[in-house]
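Examining the three-dimensional arrangement
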Amino acid sequence: QVQLVESGGGSVRAGGSLRLSCVASGYIASDYYMGWFRQAPGKEREGVAFIDSDGYRNYASSVKGRFSISKDNAKNTLYLQMDSLKPEDTAMYYCAAGQGIAWDLLREWQYQSWGQGTQVTVSP
């Protein structure tokens, strides 16, 4: 239904910045929401940030003040600006899209479409 392609990952030093992009294609419902998740090897996938159809945004406590999620509707692109990166931010980052009524949009099971992931590595 919705195809998502992430890009922008890479390797940076602690304190550096990266901007992830996620291009969405296909049908996107009016009530859709999008989020960023990450997963480090051997750990569970965790929600990082989301933005709903009204533009409401929220973040995991671990990234508040450092990360910013945004959308460019004209380009069907979701962004995650990551500043002040820490080694613990190292993970595969995934873009996700969902539709319908959802209470907690940092929960993995609220999303139906997923990108392939882009690797972020932060060295000390």
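Each remark here, short or long, concerns the structure printed above.
About the thresholds
Residues numbered from 1 in each chain as written. Predicted model: local features only at pLDDT ≥ 70, side-chain atom pairs only at ≥ 80, totals over all residues. Heavy atoms only, no water. Disulfide = S-S within 2.5 Å. Helix = DSSP H or I, 4+ residues; strand = E, 2+ residues; numbered from the N terminus. Buried < 20%, exposed > 50% of the residue type's maximum accessible area, 1.4 Å probe, protein only. Pairing = 2+ DSSP bridges. Axes fitted to C-alpha atoms, helices over the stretch in contact; angles between N-to-C directions.

Considerations on the state of the cysteines
Per the counting criterion, the structure on display carries 1 disulfide. Bridging Cys22 to Cys95, the disulfide has an S-S length of 2.1 Å. Here Cys22 and Cys95 share a disulfide; its torsion about the S-S bond, -75 degrees, makes the bridge left-handed. Linking Cys22 in strand S3 (residues 18-26) with Cys95 in strand S9 (residues 91-99), this pair joins segments that are 73 residues apart in sequence.

Quick look at the pairing of strand S11 (residues 118-123)
Across the two faces of S11 the burial differs, with Thr118, Val120 and Val122 buried and Gln119, Thr121 and Ser123 not buried at all. The sheet contact formed by strand S2 (residues 10-13) and S11 spans 4 bridges and is parallel. Counted as the bridge partner of Gly10 is Val120 from S11. Examined bridge by bridge, S9 and S11 share 3 bridges and lie antiparallel to one another. By the bridge assignment, Met92 is partnered in S11 with Gln119.

Here's the deal with unusual backbone geometry
A positive phi angle is found at Asn76, which is not glycine, with a value near 50 degrees. Tracing the sequence through the fold places Asn76 in the loop between strand S7 (67-72) and strand S8 (77-82). Using a relative accessible area of 37% as the deciding quantity, one classes Asn76 as partly exposed. Phi is positive for Ser84, close to 50 degrees, though the residue is something other than glycine. Among the secondary structure elements, Ser84 is positioned in the loop between S8 and S9.

Points about the sheet that holds strand S1 (residues 2-7)
Taken in spatial order, the 4 strands make up an open sheet running S1-S3-S8-S7, and their pairing is antiparallel. On the outer flanks of this sheet lie S1 and S7, each paired with one strand and no other. Each strand axis lies, on average, 20 degrees off the axis of its neighbour in the sheet, ignoring direction. Bridge count for S7 against S8 is 6 bridges, and the pairing is antiparallel.

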